[in-house]
Amino acid sequence: MYIQIDYMHLSDIHHAKSIWIEQYRLFASHPDFPTKWKEDTTLLEQFLQSRIESKRAYVAKSQGEVVGFLAYDVFDFHGEKSVFCPVIGHGAQNKSKERVYMELYRHASAQWVKRSIYNHMWTILYQDEKLRKVLFDLGYGSYLVDASKRCDSMSNPAVSPWISEAKLQDREILLQLVQESSEYYASAPLFLQRDKVSEEQIDEYISDGGVFIVWQQDQAAGFIHANISDQDDMINLTMNQSGSINTLGAYIKPEFRHQRLGEDLLHAAINHVRLLEAEFIHVDFETANLLANKFWLKHFTPMLLSLKRNIFKDAIFESMGESDKTKCW
C-alpha cells in the first residue's frame, strides 16, 4: 500500500472525524468513560480546523482515501521547545494502523527536528496496544496516565470519622502537607517538579471546598483535593461538571501508608463530587510515581496514556554537514 503524506485540508475533516470516532469506539467503550466524545464532535472539528489554519496538521492518503491524520501543538515543556499531539489530534484506520502511523511520524518528525524541536509528546487511548507498541518501538516512554470512574459505580461509601473537610484554620497544616508532597515528587525515582503553592492559594482551595484531611491520633496524615470542571476538555476527554482529583492532588505521609487511608480519602472525594451531581470523576498521575500508579489503577479505569521521546541531538548533528548544523540553531 502506497501512503502519501500531505498537509491536511478542511475537506479532509469529515473523513478524519470518522476515523477518530471508530478509534474511540474500539478503545474507549468502557462504562467508566463518557460516550459524549463519539456523539458530539464539535470540539474535534474546531481543533482540526485551527491546526489546519496554522499548518500543524498532516493527512495520510492511500489511493485518494484518507487513512490517517496527525495534528499537533508547539509549546515549551520544562524550558524545552516541544511538540504535543493530543488524543484528538491523530487517528488511523485500524487495519493499517502501524504502517500509517509510521509514515505520519516519519514525515512529521523530520519537520520538527528541522525546526530544532527534539522533545516529542503524544497522548493515546490507553487500550490502543497497536499504537502503543509503535511508539514504544520508536523510543517513546510512558509519562502520564489519565483514568476515569463513574461516580455511581461505588455504592455510597461511608466517610470515615477521621476524615474532615479542611477549614481555614487548617491552612498551615495543609500547606505543610502540600510542601511535603512536593518533596516526595522531587525525590528518586520520580524527579518531578511541582509548582509551589502559596498560603493565598491554599486559602482559595479551602474556601472553594473539596479539600479533605485524614487524621490519625490528632496528627494530619494526608489529604485529597477534588473539584468540579467548568467546561468540556477534549484534550483530556473530561466533561463539564465532571469531578476531578487535581491541582493539589492527593498525598499520604510515609509512616501512615498501607493503612487504607487513601481509600478513605477517595471515598470522601467521590461523595463530595457526587453531591455536586458529577457523573464521572477523573484523575491523572505520572507513571514514575509507582505508589500512585498502583493505587489509582486499583480504583479507576485507565483511559489515556501520555508518552514522550527526546531525540538525541548529537546523533542528528553527526549526520549533518556544517551548514545544516548552523541552520538548526
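Relevant structure appears above.
This write-up is about the structure you can find in this document. Bear in mind that the values here come from a model prediction, so they are computed numbers and not experimental data.

**Let's talk about the environment of asparagine 246**
Tracing the chain through its elements places asparagine 246 in strand 12 (residues 243-252). In this structure the C-alpha to C-alpha distance between asparagine 246 and glutamate 263, which are 17 residues apart in sequence, comes to 16 Å. Apart from the residues lying within four places of it in its own chain, the contact partners of asparagine 246 are His225 and Asn227. A polar side-chain atom of asparagine 246 sits 3.2 Å from a polar atom in the side chain of asparagine 227. There is a polar contact of 2.9 Å between the side chain of asparagine 246 and the side chain of serine 244.

**Considerations on the pattern of salt bridges**
A full pass over the atoms with the stated rule returns 16 salt bridges. The salt bridge involving arginine 25 is made with glutamate 22; its shortest N-O contact spans 2.6 Å. Linking arginine 25 with glutamate 22, this pair stays in helix 1 (residues 13-27), spanning 3 residues, or about one helical turn. Salt bridges here are not isolated pairs; linked through shared partners, they connect Lys36, Asp40 and Asp232.

**Description of the packing of helix 1 against helix 3 (residues 42-53)**
Look at helix 1 against helix 3: their axes get within 11 Å of each other, and the N-to-C directions meet at 130 degrees. As judged from the angle between their axes, helix 1 and helix 3 are oblique. In this structure, helix 1 meets helix 3 at a crossing whose hand is right-handed. Contacts between helix 1 and helix 3 involve Ile13, Ala16, Lys17 and Trp20 from the first element and Leu44, Glu45, Leu48, Gln49 and Ile52 from the second. Taken together, the residues of the contact of helix 1 with helix 3 break down into 6 nonpolar, 1 polar and 2 charged.

**Structural notes on unusual backbone geometry**
A cis geometry characterises the amide bond from alanine 188 onward to proline 189, with omega recorded as 0 degrees. Checked against the element boundaries, proline 189 lands in the loop between helix 6 (171-186) and helix 7 (199-208). Its identity as a non-glycine residue notwithstanding, histidine 78 has a phi of 50 degrees, on the positive side. Note that histidine 78 resides in the loop between strand 4 (73-77) and strand 5 (80-85). Unlike most non-glycine residues, leucine 237 shows phi in positive territory, near 55 degrees. Its place among the elements puts leucine 237 in the loop between strand 11 (219-228) and strand 12.

**Observations regarding the sheet that holds strand 9 (residues 163-165)**
Reading across the sheet, the 10 strands line up as 4-5-7-14-8-13-12-11-10-9 and stay open at both edges, with mixed pairing between neighbours. Where the open sheet ends on each side, the last strands, each with one partner, are strand 4 and strand 9. Shown here is a sheet whose adjacent strand axes are inclined to one another by a mean of 25 degrees, direction ignored. Two strands pair when backbone bridges link them, and strand 12 and strand 13 (residues 280-286) are joined in this way by 3 bridges, in the parallel orientation. The partner of glycine 243 across the bridge, within strand 13, is isoleucine 281. Running over the sheet, helix 8 (residues 261-275) touches strand 8 (141-150), strand 9, strand 10 (211-216), strand 11, strand 12 and strand 13 and is turned about 30 degrees from strand 11.

**Let's talk about the side chain of lysine 36**
Of note, lysine 36 is situated in helix 2 (residues 36-39). Here the side chain of lysine 36 touches aspartate 232 through a polar contact of 3.3 Å, side chain to side chain. When sequence neighbours within four positions are dropped, the list of residues in contact with lysine 36 reads Asp232 and Met239.

**What about the sheet that holds strand 1 (residues 4-7)?**
The strands that make up a sheet are held in pairs by hydrogen bonds between backbone atoms, and each pair lies either parallel or antiparallel. In spatial order, the strands read 1-2-3-6; together these 4 strands make up an open sheet with antiparallel pairing. Strands with a single pairing partner mark the edges of an open sheet, and in this sheet they are strand 1 and strand 6 (90-92). Averaged over all pairs of adjacent strands, the angle between strand axes in this sheet comes to 25 degrees, irrespective of strand direction. For strand 1 and strand 2 (residues 57-62), the ladder comprises 4 bridges, and the chain directions are antiparallel. Considered in strand 2, the bridge of aspartate 6 is made with valine 59. The strands that helix 3 touches are strand 2 and strand 3 (65-71); relative to strand 3, the one it contacts most, it runs at about 80 degrees.

**What to know about the packing of aromatic side chains**
Here a ring pair, both rings aromatic, is described through the centre-centre distance and the interplanar angle of the planes. According to the stated counting rule, one finds 17 aromatic pairs in the structure shown. Relative to tyrosine 24, the ring of tryptophan 20 has its centre 5.4 Å away and its plane inclined at 25 degrees; by these criteria the two rings are stacked. Of the two residues, tryptophan 20 and tyrosine 24 are both situated in helix 1; the distance of 4 residues between them amounts to about one turn of the helix. Here tryptophan 20 matches tyrosine 24 in class, with each residue buried. Members of the aromatic cluster, each reached through a chain of ring pairs, are Tyr7, Tyr58, Tyr72, Tyr101, Tyr105, Trp112, Trp122 and Tyr140.

**A few points about the nonpolar core**
In summary, soluble globular proteins display a tendency toward joint burial of nonpolar side chains. By size, the foremost hydrophobic cluster in this structure holds 58 residues, and its most contacted members are Leu70, Trp112, Trp122, Leu135, Ile245, Trp296 and Phe300. Filtering out sequence-adjacent residues up to four positions away, leucine 135 remains in contact with Trp122, Ile124, Tyr140 and Leu307. Residues Met8, Val87, Ile88 and Leu304 belong to the second largest nonpolar core, which totals 28 residues.

What counts, and at which threshold
- Residues numbered from 1 in each chain as written.
- Predicted model: local features only at pLDDT ≥ 70, side-chain atom pairs only at ≥ 80, totals over all residues.
- Heavy atoms only, no water.
- Helix = DSSP H or I, 4+ residues; strand = E, 2+ residues; numbered from the N terminus.
- Contact = heavy atoms within 4.5 Å.
- Polar contact = N/O pair within 3.5 Å; in protein donor to acceptor, adjacent residues only side chain to side chain.
- Salt bridge = Lys/Arg side-chain N within 4 Å of Asp/Glu carboxyl O.
- Axes fitted to C-alpha atoms, helices over the stretch in contact; angles between N-to-C directions.
- Parallel < 35°, antiparallel > 145°, perpendicular 65-115°, else oblique.
- Left-handed = near helix turned anticlockwise from the far one by under 90°.
- Nonpolar A, V, L, I, M, F, W, Y, C, P; charged D, E, K, R; others polar.
- Pairing = 2+ DSSP bridges.
- Phe/Tyr/Trp six-rings, centres within 6.5 Å; stacked < 30°, edge-to-face > 60°.
- Buried < 20%, exposed > 50% of the residue type's maximum accessible area, 1.4 Å probe, protein only.
- Core = buried A, V, L, I, M, F, W, Y, C linked by side-chain atoms within 4.5 Å.

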